[in-house]
Amino acid sequence: MDRIKIRRPWNETVRPVYCNGLASHRERQLDVESDDQIIRQVVAGDTSAFESLISRHGDSIHRFICGVLGDLHGAEDVAQQTWLNVHRNLGQFDSDRGSFKTWMLRIARNLAFNQLRKTRRSPVCFGTSLPDPVDPRSALDGLQIQEEFARLDAALAQLPSNQRSAWTLSELEGLTQREISQVEGVPEGTVKSRVSRAKAALRGVLQKQDELER
């Protein structure tokens, strides 16, 4: 299984949910067949079925890793390693203990935080490049959106990594507190506190930015 070649069907740019909804249209379309069904096919030896999991969850994994690392290129490498680890350990996945998505994001988080400790990067990259707008109004609209992303980048860069991770899972991936606790490996109360502190810190930083721009 280690020899599987992981393709990259995920979007090369990071797509914030506040521009594209809580999940992409493609992600919703692929939700016909359950993850458990696909996993059984892969474990049974159908290697091609693994590409369905990548197509379904690739954007989510890449978006989350980029949110933690703040490095598009670094996120590519960690996402690649995440999928290799997922494929290698897929037989150990137990659906009774949680969803495949939380199990997979847990693997991604561990790898991302390992990389973060090595590089000591803190900025995030949600606004590095814009997604293709569904209904573009004008170039000015796009510029204003990119400016908002840049402001959010600067604010998120000031958060501790554990708050940034919890906020990303909550606000960008739409996970519940219980799901985030499974990914983060901490009690739900800790998750609630981290997300709450992250939101309060972001409001404070963005407010200060507004005051400086006046």
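All of these numbers come straight from a predicted model, not from anything done at the bench.

Caption draft 1: Quick peek at the overall build of the protein chain. Within the protein chain, the secondary structure is distributed over 10 helices and 0 strands. Taken from N to C terminus, the helices and strands of the protein chain fall in the order α-α-α-α-α-α-α-α-α-α. Looking at the protein chain as a whole, 43% of its 214 residues qualify as buried. With the model as given, the accessible surface of the protein chain reaches about 11700 Å², and the carbon-plus-sulfur share is 47%.

Caption draft 2: Layout of the confidence of the model for the protein chain. Per-residue confidence for the protein chain gives a mean pLDDT of 78; residues scoring 70 or more make up 70%. This model gives residues 9-30 a pLDDT under 50, and the stretch forms 56 contacts once residues within four places in sequence are excluded.

Caption draft 3: Layout of the packing of aromatic side chains. Here the structure, examined in full by the defined rule, presents 4 aromatic pairs. A ring pair is formed by Phe50 and Trp83, whose centres lie 5.8 Å apart and whose planes are at 85°; its orientation type is edge-to-face. Here Phe50, found in helix α4 (residues 50-69), pairs with Trp83, found in helix α5 (residues 72-89); they are 33 residues apart in sequence, far enough to count as distant. Neither Phe50 nor Trp83 differs from the other in exposure class; each is buried. Summarising the aromatic geometry, the rings of Phe93 and Trp103 are spaced 5.5 Å apart at their centres and angled 55° between planes, so their arrangement reads as tilted. Placement of the pair is Phe93 in the loop between α5 and α6 (100-119) and Trp103 in helix α6, with a sequence separation of 10 residues. By relative accessible area, which is 14% here, Phe93 ends up buried. In this structure an aromatic cluster arises from ring pairing among Phe93, Phe100 and Trp103.

Conventions used here
- Residues numbered from 1 in each chain as written.
- Predicted model: local features only at pLDDT ≥ 70, side-chain atom pairs only at ≥ 80, totals over all residues.
- Heavy atoms only, no water.
- Helix = DSSP H or I, 4+ residues; strand = E, 2+ residues; numbered from the N terminus.
- Buried < 20%, exposed > 50% of the residue type's maximum accessible area, 1.4 Å probe, protein only.
- Areas by Shrake-Rupley, 256 points an atom, 1.4 Å probe, with all protein chains shown as cover.
- pLDDT = per-residue confidence, 0-100.
- Contact = heavy atoms within 4.5 Å.
- Phe/Tyr/Trp six-rings, centres within 6.5 Å; stacked < 30°, edge-to-face > 60°.

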